[in-house]
Amino acid sequence: MATGDVKLLGAGASPYVNRVQIALNIKSENYEFLEEKLGSKSELLLKSNPIHKKIPVLIHDDKPICESLVIVQYIDDVWTSGPSILPSDPYDRAIARFWAAYVDDKWFPLMKELRMAEGEEAKAAAIEKIVEVLVVLEEAFVKCSKGKAFFGGDSIGFLDIAFGSFLGWLKVTEKMGEMRLLSEAKTPNLVEWAERFCCDDAVKDVLPKTEKLIEIFKIMQARAKAPPSN
Amino acid sequence: MEEVKLFGAWPSPYSYRVVWALKLKGIPYEYIEEDLSNKSSLLLQYNPVHKKIPVLVHGGKPICESMVILEYIEQTWPENPLLPSNTYDRAVARFWAKFAEDKGLAIWKLYRTTGEEFEKAMKESLEMLRNLEEHALREKKFFSGERIGIVDIAFGWIAHWLGVIEDLIGVKLLEADSFPRLHAWIKNFKEETIIKENLPDRGKVFARLKRLREMRLASP
């Protein structure tokens, strides 16, 4: 069992960082949060993640671990006395990993596509694709949850964390686009799951409020449009 | 032991990842060759989301995505482990396995793109190889130490398929002088009996990729 120094390099607005925060909360593990400033990368970050230079990085007893879901798995492996994050059954574990990869590789790029889409037609096409994928995830939820509250069963698990971490930004997209991506009509189970997830003790202080994310989004947009500086 | 089946395709390195893992652990299985231009209804039933190989079916239950399959195999049959026992080293191995997934894609663009897209793929591919050379291998025989592990399997395509792509495009990415560690790793990897005995015919892979390249570059 591990104790020891735990630091998390990250930014509160990053869903990838939120994944790690939620996992640490599930294990009731204390950690020092080292906030990276928007638009710059600290020495420690560049040293700890020389390959990708990205957050989150977990530093446990001075050893860095990178890639959000690798970190979540590491947390589950190390802090074994807390509730489990990954299912114990190998098949259920494989299913959770499969869908987590689907969220990252299939769903998230579509959200990026929507953000970059110009014109109503392109936006509508992107939204349609996203909703299609959410319907697939709705079916996955029904299968994985087996009638329980979360993808992981009675409590939050790996897939809940992988997908749920994006709910803050999903709400921002819905609000700014004045539309719904998750809806009672097409994804009723996910709508209810989303509410339960966001209220969970391990999650509620982690996902930033929609208004705060909108503020950050506007800053990032302004920076992207500003003339390049040294 | 429940029945193990693998749906694969001979040209695909993703398929071979699973073959290598099963054979390294001595797990008996039935192999079903899929014609990717005419996928079987069974494959589509087992992998409705991506409709791709490889698919492992264990006791009638399908597992898809090669790296997910590898983790499943590792957990279900712990003998001859593919992951390190130390938790931190496991996280490092998983980091590189993910790196293989995310950054490996550039190489597959090399033989079917031209112009700007090709240049971009070249840049990304070289960067990926450079990262492996400098950060991943260090002075070890294999990525995790003295024995083949999950990271070696994840990068197995470098040992065989990359050379074919280099021949096709007429550009050498992996020069021995610039990448001594990777060159040594390729030699060690291909000398392992299980790997040596389970690689597709190089000429056939070349012919197939050449045809795909011609089709892709010919279309408007």
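Residues numbered from 1 in each chain as written. Chains lettered and ligands numbered in written order. Predicted model: local features only at pLDDT ≥ 70, side-chain atom pairs only at ≥ 80, totals over all residues. Heavy atoms only, no water.

As recorded by an unreviewed UniProt entry, chain B carries the name Glutathione S-transferase and is attributed to Nyssa sinensis. Quoted verbatim from the Function (unreviewed entry) heading of the UniProt record, the comment on chain B is "Is involved in the conjugation of reduced glutathione to a wide number of exogenous and endogenous hydrophobic electrophiles." Taken directly from UniProt, the Sequence similarities (unreviewed entry) text for chain B runs: "Belongs to the GST superfamily. HSP26 family." (UniProt positions renumbered as here; feature names shortened; annotations may be inferred.)

Going by an unreviewed UniProt entry, chain A carries the name glutathione transferase and comes from Nyssa sinensis. Its UniProt record, at the heading Sequence similarities (unreviewed entry), says of chain A: "Belongs to the GST superfamily. Tau family."

Draft legend 1. How the structure looks around the overall build of chain B. The secondary structure content of chain B amounts to eleven helices and four strands. Along the first, second and third principal axes, the C-alpha atoms of chain B reach 50 × 45 × 30 Å. Here chain B holds 220 residues, and 50% of them are scored as buried. Once local pairs closer than 6 in sequence are excluded, the contacts in chain B between residues at least 24 apart make up 71%. With an accessible surface of roughly 10,400 Å², chain B has 50% of that area assigned to carbon and sulfur atoms. (Helix = DSSP H or I, 4+ residues; strand = E, 2+ residues; numbered from the N terminus. Buried < 20%, exposed > 50% of the residue type's maximum accessible area, 1.4 Å probe, protein only. Contact = heavy atoms within 4.5 Å. Areas by Shrake-Rupley, 256 points an atom, 1.4 Å probe, with all protein chains shown as cover.)

Draft legend 2. Molecular detail of the sheet that holds strand β1 (residues 6–10) of chain A. Residue and element names in this part refer to chain A. Pairing is mixed across the open sheet formed by four strands, whose spatial order is β2-β1-β3-β4. Two strands close off the open sheet at either side, each with one partner strand: β2 (32–35) and β4 (63–66). Strand-to-strand twist of the sheet, defined as the mean angle between neighbouring strand axes without regard to direction, takes the value 25°. When β1 meets strand β3 (residues 57–60), the two strands line up antiparallel, connected through four bridges. Its bridge partner being in β3, V6 is matched across the sheet by H60. (Pairing = 2+ DSSP bridges. Axes fitted to C-alpha atoms, helices over the stretch in contact; angles between N-to-C directions.)

Draft legend 3. View of the environment of B:V18. As for its position among the elements, B:V18 is in helix α1 (residues 13–24). When the C-alpha positions of B:V18 and B:S66 are compared, they lie 6.6 Å apart, and in sequence the two are 48 residues distant.

Draft legend 4. View of the domain arrangement of chain A. Residues and elements named next belong to chain A. When its domains are assigned, chain A resolves into domain 1 (6–78) and domain 2 (90–215). Its C-alpha centre places domain 1 at a distance of 22 Å from the equivalent point of domain 2. The interface of domain 1 with domain 2 comprises 14 residues on the first partner and 20 residues on the second. For the pair domain 1 and domain 2, the summed buried surface comes to about 1,400 Å²; carbon and sulfur atoms form 67% of the total. Interface area lost by domain 1 to domain 2 is led by R19, I22 and L69, which between them contribute 38%. A salt bridge links D104 to R19; its shortest N-O distance comes to 2.8 Å. Counting every contact that joins domain 1 to domain 2 gives six residue pairs in polar contact (both at pLDDT 80 or more). Broken down by secondary-structure element, the contributors of at least two residues to the side of domain 1 that touches domain 2 are α1 (15–26) and α3 (68–78). Looking at which element gives the most residues to the side of domain 1 that touches domain 2, the answer is α1, with nine residues. (Domains from an automatic or database assignment. Buried area = accessible area lost by both parts, 1.4 Å probe. Salt bridge = Lys/Arg side-chain N within 4 Å of Asp/Glu carboxyl O. Polar contact = N/O pair within 3.5 Å; in protein donor to acceptor, adjacent residues only side chain to side chain.)

Draft legend 5. Seen up close, a positive patch on the surface. Positive charge collects at one region of the surface, where A:K41, A:K53, A:K54, A:K112, A:R115 and B:K103 lie side by side. By the element assignment, A:R115 lies in helix α4 (residues 90–116). (Patch = residues over 30% accessible without salt bridge, like charges linked within 9 Å, V, L, I, M, F, W, Y side chains within 5 Å. Lys, Arg positive; Asp, Glu negative; His and termini not counted. Charge placed at Lys NZ, Arg CZ, Asp CG, Glu CD.)

Draft legend 6. Local environment of the pattern of salt bridges. In this structure the tally under the stated criterion is 25 salt bridges over all chains. With a shortest N-O distance of 2.7 Å, B:E71 and B:R94 are connected by a salt bridge. Highlighted residues: B:E71 in helix α3 (residues 66–76) and B:R94 in helix α4 (residues 87–103), separated in sequence by 23 residues. Across this residue pair, the class does not change: B:E71 and B:R94 are buried. Here the residues in one salt-bridge network are A:D77, A:R97, B:E71, B:R90 and B:R94, joined through shared partners.

Draft legend 7. How the structure looks around the packing of helix α6 (residues 115–136) of chain B against helix α8 (residues 156–169) of chain B. Residues and elements named next belong to chain B. Closest axis-to-axis distance for the α6/α8 pair is 14 Å, and the angle between their directions is 150°. In this structure, α6 crosses over α8, and the sense of that crossing is left-handed. Here F118, M128, L129 and L132 of α6 come into contact with α8, specifically with W157, I158, L162 and I169. Across the contact of α6 with α8, the residue classes break down as eight nonpolar, no polar and no charged. (Left-handed = near helix turned anticlockwise from the far one by under 90°. Nonpolar A, V, L, I, M, F, W, Y, C, P; charged D, E, K, R; others polar.)

Draft legend 8. The arrangement of helix α8 (residues 188–199) of chain A in detail. Residues and elements named next belong to chain A. The first and last C-alpha atoms of α8 sit 17 Å apart over twelve residues, in line with the 16 Å expected at 1.5 Å per residue. Those residues of α8 lying buried are L190, V191, W193, A194, F197 and C198. End-on, the buried residues of α8 take up no more than an arc of 165°, which puts them together on one face. Among the exposed residues of α8, those pointing more than 90 degrees away from its buried face are E195 and C199. Buried positions along α8 lie against α1, α5 (120–145), α6 (158–164) and α7 (167–177). (Expected span 1.5 Å × (residues − 1). Arc of directions from axis to C-beta.)

Draft legend 9. How the structure looks around the domain arrangement of chain B. All names here are of chain B. Here chain B is described as being made up of domain 1 (4–76) and domain 2 (87–218). Here the C-alpha centre of domain 2 lies 21 Å away from the C-alpha centre of domain 1. Together domain 1 and domain 2 conceal approximately 1,800 Å² of surface at their shared face, both sides included; 72% is due to carbon and sulfur atoms. Inspection of the region where domain 1 meets domain 2 yields five residue pairs in polar contact (both at pLDDT 80 or more). Secondary structure elements with two or more residues in the side of domain 1 that touches domain 2: α1 and α3.

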